[in-house]
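As a plain string of letters, each chain reads:
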Amino acid sequence: MDFGLIGVDAVLAAVETAVSSALNGAAGEAGRRAVEGLVGLLRRGGNEDEDGLPVTGDDQARVAEELRARALARPEFAGVLLQWMRETELLRTGPRGGPPRMLPAANGVFTDRDDVLAGLVELVEGARTGGAAVAVVCGPGGIGKSATAVHCAHRLAERFPDGQLYVRLGGGVTPSDVLAELLAQLGEPAGAIPSDLTRQRGRYRDLTAERRLLVLLDDAGSEAQVRALVPAAAGSLVLVTSRHRLSGLAGDPGARFFALEPLAEDDAALLLERVVAAAGRRPAARDAAGVAAVARGCGGVPLALCGAGSLLAVRRHLSWETVGSRLSGNDEGVDRDRGTDAVRRSHDLSYRELSREAARLYRLLAGWPWPGIGPGAAAKAAQTTEGAARVLLEELAGVHLLEEVGEERYRFHDLVREHAERRAREEERPADRSAAVRRVAGWYLSSAASADYRVMPGRWRLGRAYAGLSLPEVRDRHDARNALADLRRERAGIAAAVRAAEAHGADELVCQLCEASWALHLRLGFHDQWLETHRLGVEAARRLVEEGTGDARFLGRMLVQSAFGHMGRGAWAEAGAALDEAMAAEAAAGHRRGLATAAEARGLLRLREWRWAEAEECFRAAQGFWREIGPGEDGVGDVPRGLALLEDHIGRALRGRGRFAEAVTRLNTALAMFRALPERDLYNEGRVYMSLGETHLGAGDAAAARVCLDDALEVMDREGAELQHADAAELRALCAAGPEERTSFLRRAEELYEKGGDGTGLARIRARLAEQG
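Here's what I pulled together on the structure shown here. On a predicted model such as this, the values are computed, not experimentally measured, just so you know.

Moving on: the overall build of the protein. Each helix and strand counted, the protein has 35 helices and seven strands in total. Against the 2.2 N^0.38 benchmark of 28 Å for 773 residues, the protein shows a C-alpha radius of gyration of 29 Å, consistent with a compact globule. Dimensions of the protein, computed from the C-alpha atoms along their principal axes, are close to 90 × 70 × 45 Å. Counting over 773 residues, the protein shows a buried share of 55%. Of the contacts made within the protein by residues no fewer than 6 positions apart, 71% connect residues no fewer than 24 positions apart. Taken as a whole, the protein presents about 31,700 Å² of accessible surface, with 49% of it coming from carbon and sulfur. Distance between charge centroids for the protein: 2 Å, based on 101 positive and 114 negative side chains.

Here is the structure:
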């Protein structure tokens, strides 16, 4: 036995990794097993009284010292500890895959700014030590900062073979959401992204430390935003755009600044000609004076130039001279008092050429800063069909009043939205503007509720949005995964809808939107958004109770869901307080189903805290609430499934206490209960098979574990649950009958992790395969 491998630093690193997995869900089920393995080691070491997860540095150091001392005294314990440390070390293996290529598409009509590109080339080629190069492209709105940065980034991309990252920092996005997005771009699967900001920053530094990357940070609002995202490795480039000077970055991290000015008249005219030429219209020689007049009228500002050029491209009856005259303010129809700057004049001109329907949609969409609008939401705003809305969106984008940011996805430049808001205040009644915002929020609710139902059809729900939803008799095996992808794609819009509904006094809509985002947050996290939206949900639900104007059951529901958000952050005190209030709210509402759910959540909190006996007590209390629900009472149809889940939870609590035989009995009972449901819940049956396999492994019965895990593999394969299937295969390899069988199941897990996009799991399996040789 090489006791040199059991140094205190190595043991402490393993303890920290296991605890981190418990706190933030990183590494999925493998992370949870690392924590349970730590529990088993402490129990084998004679520590039966460890009370809670060692969260603080002092507690982790104490646990590490205890484990090391026990290993030095007992060689057989040292062997078990070393094996656990090797397994835990694999959790720190980074994701692998092709380099990320996340830059937005380059602008096909981009003009000038050669000095910026030359300066960036000089910066990149210059000798630097101590960190990445940082460049800030700054200037007023509409001057072309983003277009310049994207253009230059594409020209420099080949110098950064490890990839290019892109993230937009404006629009109220939180630091945690930004890091989560960048980690995802670097290949980190959603389930492995830490929920805690400090750990996210650490993981970002780890994943960028050995890579030469170009990181484009668009629309930065502060120096602190930028500093947190600068990779540690020399050779990378961080390219920042901002309306602010961000002069503090000059000293730390030593940024170079490129302040953009309006284009010279010749370059402005060239940009205009390129915009109209892209649509097949080219100015004749006789139009030269008109082109120059338009360029001057736009003040050399690229946003105004693109708007005017787009208008000339699609409105061929307009002459260059007419547009130039209107932009100069010489035309009587131009509102001089309300807009004298070039950008506003350009927007006024484009707005006047819109169809009546497109102009109305333009005004109504400006009522809230939506992160992206598609035909469905636009149709609700304008009270028209999706087909008609699609045409109107294309009309607005055609004259540069909307930006197309994805397939059938549009948003306002903030300067354009200011113009649209001004027009809406002048031409729309306040009640109509507010109603349009609520209609768009309602569209997000319908969309989210449908996807949430497809992801988790068995859970109970509140709100009218779920009325009439059902699954097809023949369902695509990947439908749940596709629905979760839909929720992820719309998550920023869902959060915006919650804020909009709150601002417009639609309290029940706020609560329903939070309810419809449950699958999104439970499966994928995004804890900043989760806690922010559910804070609004709790406040809205309290108002519903106080005013007696809505469903009082929403208060307990919002509090329970908030508690899970706090649990994901490792904020157990906050989670416990929310659950205490939830129990009181559900009791006041006379909602026994809600009481059962809140008591179950309390038990799950205790499981995370290693308080196994208390967890079991909570689960038994929840069983009591379910059993009190009588015929015809709210939630009676949910009782069998609720009780089956609790049997599974009790089995897990008993396993945590080392009472393996009792745990097996409970888990077998849970399995029988799931099988007896009127509508089989195959996914949870598979999860129980996995719990049984783990329990048999803990008890040292590899043969029984193989039987249960083989059943789990069959169910998860049938359900199309690729990551759970991969986890079952990984477990099955641990109890394989021999080396060949172990390799076979590891290869199966490797294929499934790769197919499911779990880079961390894939790297862990490949490390295990490499160990086998």
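What follows covers the sheet that holds strand β5 (residues 256-259). Think of a sheet as strands paired side by side through backbone hydrogen bonds, with each pair either parallel or antiparallel. As summarised here, the arrangement of the five strands in space is β2-β3-β4-β1-β5, forming an open sheet in which the pairing is parallel. Single-partner strands in this sheet number two, and they are β2 (164-168) and β5. Between one strand axis and the next, the sheet turns through 15 degrees on average, direction left out of account. Direction of pairing for β2 relative to strand β3 (residues 214-218): parallel, over a ladder of five bridges.

Here we take up the packing of helix α10 (residues 265-278) against helix α12 (residues 302-314). Contact geometry for α10 and α12: axes closest at 8 Å, N-to-C directions at 40 degrees. With respect to each other, α10 and α12 are oriented oblique. Judged by the twist between their axes, the crossing of α10 over α12 is right-handed. Contacts between α10 and α12 pair A268, L271, L272, V275 and V276 from the former with P302, L305, C306, A308, G309, S310, L312 and A313 from the latter. Looking at the contact of α10 with α12, its residues break down into 11 nonpolar, two polar and no charged.

All chains considered together, the criterion is met by six aromatic pairs. The interplanar angle of 80 degrees and the centroid separation of 5.0 Å between the aromatic rings of W443 and Y444 together place this pair among those described as edge-to-face. Measuring from ring centre to ring centre gives 6.0 Å for W518 and W530, while their planes differ by 85 degrees; the resulting arrangement is edge-to-face. Taken together, the positions of W518 in helix α23 (residues 518-524) and W530 in helix α24 (residues 527-547) put the pair 12 residues apart, joining distant regions of the chain. One aromatic cluster is present, formed by Y351, Y362 and F412 through successive ring pairs. For the cation-ring pair, R557 lies above W460, with the distance from its terminal atom to the ring centre recorded as 3.7 Å.

Secondary-structure assignment places L713 in helix α32 (residues 702-719). Taking relative accessible area as the criterion, L713 reaches 2% and is therefore assigned buried. In this structure, L713 is in contact with H725, A728, A729, R732, F745 and R748, ignoring residues within four places of it in sequence.

Pairs can form between side chains of opposite charge whenever their charged atoms are close. With the rule as written, the count across this model stands at 54 salt bridges. When the shortest N-O distance is used, the salt bridge between R363 and E428 registers 2.9 Å. Of the two residues, R363 is situated in helix α15 (residues 356-365) and E428 in the loop between α18 (414-427) and α19 (430-455); the sequence distance between them amounts to 65 residues. Accessibility assignment for this pair places R363 and E428 in one class, buried. The salt bridge partner of R593 is D638, with a shortest N-O separation of 2.8 Å. Within this pair, whereas R593 is found in helix α27 (residues 592-608), its partner D638 is found in the loop between α28 (612-627) and α29 (639-656), the two being separated by 45 residues in sequence.

In this structure, L246 takes a positive phi of about 55 degrees despite not being glycine. Along the chain, L246 turns up in the loop between β4 (237-242) and β5. Positive phi outside glycine occurs at W610, with the angle close to 70 degrees. You can see W610 is positioned in the loop between α27 and α28. Judged by relative accessible area, which is 5%, W610 ranks as buried.

The complete set of buried residues in helix α20 (residues 479-489) reads D479, A483, L484 and L487. One side of α20 carries all its buried residues, which in axial view fall inside an arc of 140 degrees. Packing partners of the buried residues in α20 comprise α19, α21 (491-503), α22 (507-516) and α23.

This brings us to the pairing of strand β1 (residues 133-138). Both faces of the sheet carry side chains from a regular strand, because those side chains alternate between them. Extensive coverage of β1 is indicated by the burial of six of its six residues. Of the two faces of β1, the one holding A133, A135 and V137 and the one holding V134, V136 and C138 are both buried throughout. Note that β1 and β4 share six bridges and pair parallel. Across the sheet, the residue bridging to A135 is L239, located in β4. Bridge count for β1 against β5 is four bridges, and the pairing is parallel. Bridging across to β5, A135 finds its partner in R256.

A word on the environment of R439. With respect to the element layout, R439 can be found in helix α19. Since its relative accessible area comes to 22%, R439 is described here as partly exposed. A C-alpha to C-alpha distance of 40 Å links R439 and P262, two positions 177 residues apart in sequence. Setting aside anything within four residues of it in sequence, one finds R439 in contact with R360, L364, K380, A381 and Q383.

So, on to the nonpolar core. One broad trend across soluble globular proteins is that nonpolar side chains are buried collectively. Membership of the largest hydrophobic core comes to 186 residues, with the highest contact counts inside it found for L67, L81 and W370. When residues of this core are assigned to their parent elements, the largest contribution, 11 residues, is made by α19. The contacts of W370, once residues within four sequence positions are left out, are L365, R411, V437, V440, A441, Y444, G493, A496, A497 and A500. Listed in part, the 35 residues of the second largest apolar core include L677, M690, L731 and L762.

It is worth spelling out the side chain of S310 at this point. Take S310: it is sitting in helix α12. Ignoring any residue separated from it by four or fewer positions in sequence, one finds S310 in contact with V275, G398, V399 and H400.

To continue, consider the state of the cysteines. One pass over the structure, following the stated rule, counts zero disulfides. For the unlinked cysteine C298, the closest cysteine sulfur is that of C306, found at 9.2 Å. Residue classification places C298 among the buried positions, given a relative accessible area of 0%. Classification of C306 as buried rests on a relative accessible area of 10%.

Conventions and cut-offs
Residues numbered from 1 in each chain as written. Predicted model: local features only at pLDDT ≥ 70, side-chain atom pairs only at ≥ 80, totals over all residues. Heavy atoms only, no water. Helix = DSSP H or I, 4+ residues; strand = E, 2+ residues; numbered from the N terminus. Rg over C-alpha atoms; globule rule 2.2 N^0.38 Å. Buried < 20%, exposed > 50% of the residue type's maximum accessible area, 1.4 Å probe, protein only. Contact = heavy atoms within 4.5 Å. Areas by Shrake-Rupley, 256 points an atom, 1.4 Å probe, with all protein chains shown as cover. Lys, Arg positive; Asp, Glu negative; His and termini not counted. Charge placed at Lys NZ, Arg CZ, Asp CG, Glu CD. Pairing = 2+ DSSP bridges. Axes fitted to C-alpha atoms, helices over the stretch in contact; angles between N-to-C directions. Parallel < 35°, antiparallel > 145°, perpendicular 65-115°, else oblique. Left-handed = near helix turned anticlockwise from the far one by under 90°. Nonpolar A, V, L, I, M, F, W, Y, C, P; charged D, E, K, R; others polar. Phe/Tyr/Trp six-rings, centres within 6.5 Å; stacked < 30°, edge-to-face > 60°. Lys NZ or Arg CZ within 6 Å of the ring centre and 35° of its normal. Salt bridge = Lys/Arg side-chain N within 4 Å of Asp/Glu carboxyl O. Arc of directions from axis to C-beta. Core = buried A, V, L, I, M, F, W, Y, C linked by side-chain atoms within 4.5 Å. Disulfide = S-S within 2.5 Å.

From the geometry alone we can't say anything about function, so treat these as descriptive.
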